[in-house]
Amino acid sequence: MLMLSTRGNAPQVSISTAIAAGLAPDGGLYMPATLPQFSPQDFADDTHLVQVAQRLLRPFFAGDVLAAQLDAICAAAFAVEPPLRRFGDHGDYILELFHGATAAFKDYGAGFLAAALSALPQGEKPLTIVVATSGDTGAAVGAAFHNKPNVRVAILYPDGRVAPRQAHQLGCFGDNVRAFRVDGSFDDCQALVKALLSDATFKQEVPLGSANSISLGRLLPQMAYYAHAALGHWRSTGTLLNFVVPTGNLGNATACVLARHMGLPIGDIVLANNANDVLTKFFAGGDYTPQPSLSTLANAMDVGAPNNFERLQYLYPDPAELRRALRADTVNDAEIRTTIVQAHAHHHETICPHTACAVRVLQRLRSAGSTGDWAVVATAHPAKFPEVVEPLVQHTIAPPPALAAMLARPSTAQPLANDVAALRKTLGNDG
Ligand SMILES: *Cc1c(COP(=O)(O)O)cnc(C)c1O
């Protein structure tokens, strides 16, 4: 299948070309030319996440150089099945996506992207993956590419605006993975990466790849866990599963929307924002007005200009139609704290600040009379944010083993000015 640009001014390319490029040459984001249609019965024989991912992604890879390796790529990326557990009562569930290498959902997309890029024919010069992170992407990408041959990774993060454990993870890899702490916000980091990736001259000298949520190689695989959870729920209850998705750059939620489009048994999708409420304002009927990002307790969602909004607009060109497809709600820091305290007191659940946004939004939906079965998406393990969560639940949170191992390693990050010339110089000079 061919991939096209949301801006319509770029040649259509195969999926491996789109994955290797990240951004389309016209500045747009790649989208599949068509969305294949499935029914739940098509997955009757697929119980494991790996099988669901293979069947769901196969049409996109038809005719591509990676087609023969897709099954192996899925087996590498989806070995960890996310549990869908009951959370309290009334048909509330929690989909825990944080059981991978760096304890956040981004391990799935980053793992798929790394496996796909490694399976592609290698060029003479190493590929440089440049990635902007608001906290968790960089670690997931670093872990996925660490010590892979012929690839190096540059992680850009906003200095002082990621949680201490996140910062430690970002700087702990070494070898072919370097961390840069940028004097700016996440949106600045993202703008630097976009500027570099659209610099055709520089790319001749230093072959570049993207691992941000703009990459189709991360976006499409994220559909798999929604499909898997919704299919399991459908088989046991015969009903649609609705989702509340903690949202920043809109990659995770867009994957859920795509899965629903393709016929998976997914019902309503509601975005949970933190105080960065650009999307909440749009879905409430206002204009889409990107804003500078604000720092909140749910820092991986501190995004004022969500990249993937362009994909949603492409999918639903009519704003009224887009507003019917999705809803959004905003949760402030005080509510994040209260929700963490209450989830612990009432349900004995310890949740991270991002997951807390979704839990609070679901509480509001229930109070407003929403029925049906709902899953809040748990995007990170609470042990990544001990300075926020531990005082609220009044106990220490043991990091999962993979996270503990990373925290035990030394960590370093290089300072970087918020300036694309500085980035070009750093990445160009040292081969
Ligand atoms: C990245 C991230 C989010 C936001 O996901 P998007 O795909 O950017 O919307 C939410 N929670 C956590 C823990 C994250 O790391």
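The following refers to the structure shown. This structure is a prediction, so every number in the text was calculated from the model and none was measured.

Describing the overall build of the protein chain
Helix and strand counts for the protein chain come out as 19 helices and 14 strands. For 431 residues, the compact-globule formula gives about 22 Å, and the C-alpha radius of gyration of the protein chain, at 20 Å, lands near that figure. A principal-axis box enclosing the C-alpha atoms of the protein chain has dimensions of 55 × 45 × 40 Å. Per-residue burial for the protein chain yields a buried fraction of 59% across its 431 residues.

Here we look at the pattern of salt bridges
For the coordinates displayed, the defined rule picks out 13 salt bridges. When the shortest N-O distance is used, the salt bridge between Arg85 and Glu349 registers 2.9 Å. Placement of Arg85 in strand β4 (residues 84-86) and of Glu349 in the loop between α15 (333-347) and α16 (353-367) is noted, with a sequence separation of 264 residues between them. Note on Glu349: relative accessible area 11%, which makes it buried. In this structure, Asp136 and Lys384 form a salt bridge, with 2.7 Å as the shortest nitrogen-oxygen distance. You can see Asp136 sitting in the loop between β6 (127-132) and α5 (137-145) and its partner Lys384 sitting in the loop between β13 (373-378) and α17 (386-393), a full 248 residues away along the chain.

Focus: the environment of Val389
For Val389, the location among the structural elements is in helix α17. With a relative accessible area of 0%, Val389 lands in the buried category. The sequence separation of Val389 and Ile340 amounts to 49 residues, and the corresponding C-alpha distance is 7.2 Å. Ignoring sequence-local partners within four residues, the contact set of Val389 consists of Ile340, Thr350, Ile351, Cys352, Pro353, Pro382 and Ile397.

A word on the site of the ligand
Near the ligand lie 15 residues; those nearest to it are Lys106, Asp136, Gly248, Asn249 and Thr379. Interatomic distance of 2.8 Å between a backbone N/O atom of Asn249 and an oxygen atom of the ligand. Within the backbone of Gly251, one N or O atom sits 3.1 Å away from an oxygen atom of the ligand. Summarising the interface, the protein chains cover 97% of the accessible area of the ligand, which totals 380 Å² for the free molecule. Residue composition of the shell around the ligand, by class: 6 nonpolar, 7 polar and 2 charged.

Quick word on unusual backbone geometry
Comment: phi is negative for the bulk of residues other than glycine, and the bulk of peptide bonds are trans. Of note, the phi angle at Ala103 is positive, near 65°, even though the residue is not glycine. The residue Ala103 is located in the loop between β5 (92-96) and α4 (106-119) in this model. Of the residues examined, Ala103 reaches a relative accessible area of 1% and is grouped as buried. The residue Leu250 is not glycine, and still its phi comes out positive at about 75°. As for its placement among the helices and strands, Leu250 is situated in the loop between β10 (241-246) and α11 (251-261).

Observations concerning the sheet that holds strand β3 (residues 30-32)
Sheet strands pair via backbone hydrogen bonds, and the direction of the pair is either parallel or antiparallel. Ordered in space as β2-β1-β3, the 3 strands form an open sheet in which the pairing is antiparallel. Where the open sheet ends on each side, the last strands, each with one partner, are β2 (13-14) and β3.

A word on the pairing of β13
The element β13 is extensively covered by neighbouring structure, given that 6 of its 6 residues are classed as buried. Burial along β13 is two-sided: the residues Asp373, Ala375 and Val377 and Trp374, Val376 and Ala378 are all buried. Relative to β13, β5 runs parallel, the two being bridged by 5 bridges. Looking at β13, one finds that Asp92 is bridged to Trp374. Where β10 meets β13, 4 bridges bridge the pair, whose relative direction is parallel. Directly across from Val244, in β13, lies its bridge partner Val376.

A few points about the nonpolar core
Counting 98 residues, the largest nonpolar core has Phe60, Phe78, Phe112, Phe145, Met223 and Phe243 as its most contacted members. Apart from the residues lying within four places of it in its own chain, the contact partners of Phe112 are Leu57, Phe61, Leu70, Ile73, Cys74, Ala77, Phe78, Gly217 and Pro221. Counting 35 residues, the second largest nonpolar core, distinct from the first, contains Ala104, Ala343, Leu365 and Phe385.

Criteria and cut-off values
All residue numbers refer to positions counted from 1 along the written sequence of the respective chain. Totals for whole chains, interfaces and linings use every residue, but because this is a predicted model, local features are given only for residues with pLDDT of at least 70 and side-chain atom pairs only at 80 or more, for both listing and counting. Side-chain metrics rest on all non-hydrogen atoms present in the structure, leaving aside hydrogens and water. Strands are runs of DSSP state E lasting at least 2 residues, helices are runs of H or I lasting at least 4, and numbering of each runs from the N terminus. Just to be clear, the radius of gyration here is over C-alpha atoms, and the globule rule we use is 2.2 Å times residues to the power 0.38. Only protein chains enter the accessibility calculation, which uses a 1.4 Å probe; a residue is then buried when its area is under 20% of its type maximum, exposed when over 50%, and partly exposed in between. We define a salt bridge as a side-chain nitrogen of Lys or Arg found within 4 Å of a carboxyl oxygen belonging to Asp or Glu. Contacts were defined at the residue level, with two residues in contact if any of their heavy atoms lie within 4.5 Å. Distances are taken per atom, and a residue is near a molecule or strand as soon as one of its heavy atoms is within 4 Å of it. Between N or O atoms, a polar contact is any pair within 3.5 Å; within protein, one atom must be a potential hydrogen donor and the other a potential acceptor, and residues adjacent in sequence are included only when both atoms are from side chains. The Shrake-Rupley method, run with a 1.4 Å probe, gives the accessible areas here. Residue values count only the displayed protein chains as cover. Only Asp, Glu, Lys and Arg are considered charged in this grouping, and only Ala, Val, Leu, Ile, Met, Phe, Trp, Tyr, Cys and Pro are considered nonpolar; every other residue, Gly among them, is considered polar. Two strands qualify as a pair provided DSSP detects at least 2 bridges between them. To qualify as a nonpolar core, a set must consist of buried Ala, Val, Leu, Ile, Met, Phe, Trp, Tyr and Cys residues joined through side-chain atoms within 4.5 Å.

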